[in-house]
Amino acid sequence: FNNNNFDEARKYMEEVLLSKNVELRENTLKTLATIEEEDKNYEKALIYYKTLSEDYPTLMSGKEAKISIVRVLKLSNRNDEVIEEATKILSEGNNNITDFDEIRYYRATALEEIGDKDKATSDWEALANNSQSIYSAEAKYMIAKGLFENNKLSEAEATINNILSN
């Protein structure tokens, strides 16, 4: 796997799953999901991430799998499913997912792509308000872009100037 020999790594990992070795199952599922995602086999990646999420919901790998599910759906251009899954995860509360920003980011981009700019703006605003988020600058840009597209030029300019000054 570390040498990007996905075919061989996949073969060995699938053998581990078939052996039903409980101690290795979690890491094997995580590795297989990563292999399939890296190899752009998104359907298989989804299967492994969903299994991780369902079988290990309280462990970190199960929580990370939920984020990965949304990411893989986005990579597959399945925007309606991104929105549905992200909304479900965000409504579950703080005890299930530690990184809401990534989930919110994927939902905002999916909403933008289907043309629901009002709902997307709500997510962009939440991301923009978190200066610690890696998505903050892009969120501010998307807000400014929306203002510009709605001929709110002075507000768009103020938003851009705010981005540049920070």
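Residues numbered from 1 in each chain as written. Predicted model: local features only at pLDDT ≥ 70, side-chain atom pairs only at ≥ 80, totals over all residues. Heavy atoms only, no water.

Here we look at the overall build of the protein
Quick reminder of the rule: Secondary structure elements follow DSSP: runs of H or I no shorter than four residues count as helices, runs of E no shorter than two count as strands, and numbering proceeds from the N terminus. Residues count as neighbours in contact if any of their non-hydrogen atoms are within 4.5 Å of one another. Only the protein chains shown count as cover for residues, and the accessible areas themselves come from Shrake-Rupley with a 1.4 Å probe.
The number of helices and strands found in the protein is nine helices and zero strands. Across the protein, helices and strands are ordered from the amino to the carboxyl terminus as α-α-α-α-α-α-α-α-α. In terms of its C-alpha atoms, the protein occupies a principal-axis envelope of roughly 65 × 30 × 30 Å. A sequence separation of at least 24 residues applies to 42% of the contacts in the protein between residues at least 6 apart. Carbon and sulfur atoms form 47% of the exposed surface of the protein, whose accessible area is close to 9900 Å².

Quick look at the packing of helix H7 (residues 117-128) against helix H8 (residues 136-149)
Test applied: Only the contacting stretch of a helix is used when fitting its axis, a line to C-alpha atoms as for every element, and angles between N-to-C directions run 0 to 180 degrees. Note that the term roughly parallel is reserved for angles under 35 degrees, roughly antiparallel for angles over 145, roughly perpendicular for angles of 65 to 115, and oblique for everything else. Note on convention: the crossing is left-handed when the near helix lies turned anticlockwise from the far helix by less than a right angle, right-handed when the turn is clockwise. In this classification, Asp, Glu, Lys and Arg are treated as charged, Ala, Val, Leu, Ile, Met, Phe, Trp, Tyr, Cys and Pro as nonpolar, and every other residue, Gly included, as polar.
Relative to each other, H7 and H8 sit at 140°, their axes nearing to 8 Å. Classified by the angle their axes make, H7 and H8 are oblique. At the point where H7 passes H8, the crossing takes the left-handed sense. Contacts between H7 and H8 involve Lys117, Trp124, Glu125, Leu127 and Ala128 from the former and Ser136, Ala139, Lys140, Met142, Ile143 and Glu149 from the latter. Of the residues that constitute the contact of H7 with H8, the class distribution is six nonpolar, one polar and four charged.

Thoughts on the environment of Lys119
The topology assignment puts Lys119 in helix H7. Measuring from C-alpha to C-alpha, the distance between Lys119 and Thr51 comes to 30 Å, with 68 residues separating the pair along the chain.

Observations regarding helix H5 (residues 79-92)
Quick note on the threshold: A helix is expected to reach a length of 1.5 Å times the quantity of its residues less one. Accessibility here uses a 1.4 Å probe with only protein chains present; expressed as a share of the type maximum, an area under 20% marks a residue as buried, one over 50% as exposed, and anything in between as partly exposed.
The end-to-end C-alpha distance of H5 is 20 Å, a good match for the 20 Å that 14 residues give at a rise of 1.5 Å each. Of the residues making up H5, those classed as buried are Asn79, Val82, Ile83, Glu85, Ala86, Ile89 and Leu90. Lining the buried residues of H5 we find helix H4 (60-75) and helix H6 (100-114).

Points about the pattern of salt bridges
Formally: Salt bridges are identified by distance alone: a Lys or Arg side-chain nitrogen within 4 Å of an Asp or Glu carboxyl oxygen.
Summed over the entire model, instances satisfying the criterion amount to 17 salt bridges. Its salt-bridge partner being Asp39, residue Arg10 comes within 2.8 Å of it at the nearest N-O pair. Of this pair, Arg10 sits in helix H1 (residues 6-19) while Asp39 is found in the loop between helix H2 (22-38) and helix H3 (42-55), placing the two residues 29 residues apart along the sequence. With a shortest N-O distance of 2.9 Å, Glu113 and Lys74 are connected by a salt bridge. Here the residue Glu113 occupies a position in helix H6, and Lys74 occupies one in helix H4, the gap between them amounting to 39 residues. Taking relative accessible area as the criterion, Lys74 reaches 11% and is therefore assigned buried. Linked through salt bridges whose partners overlap, the residues forming this network are Asp7, Arg10, Glu36 and Asp39.

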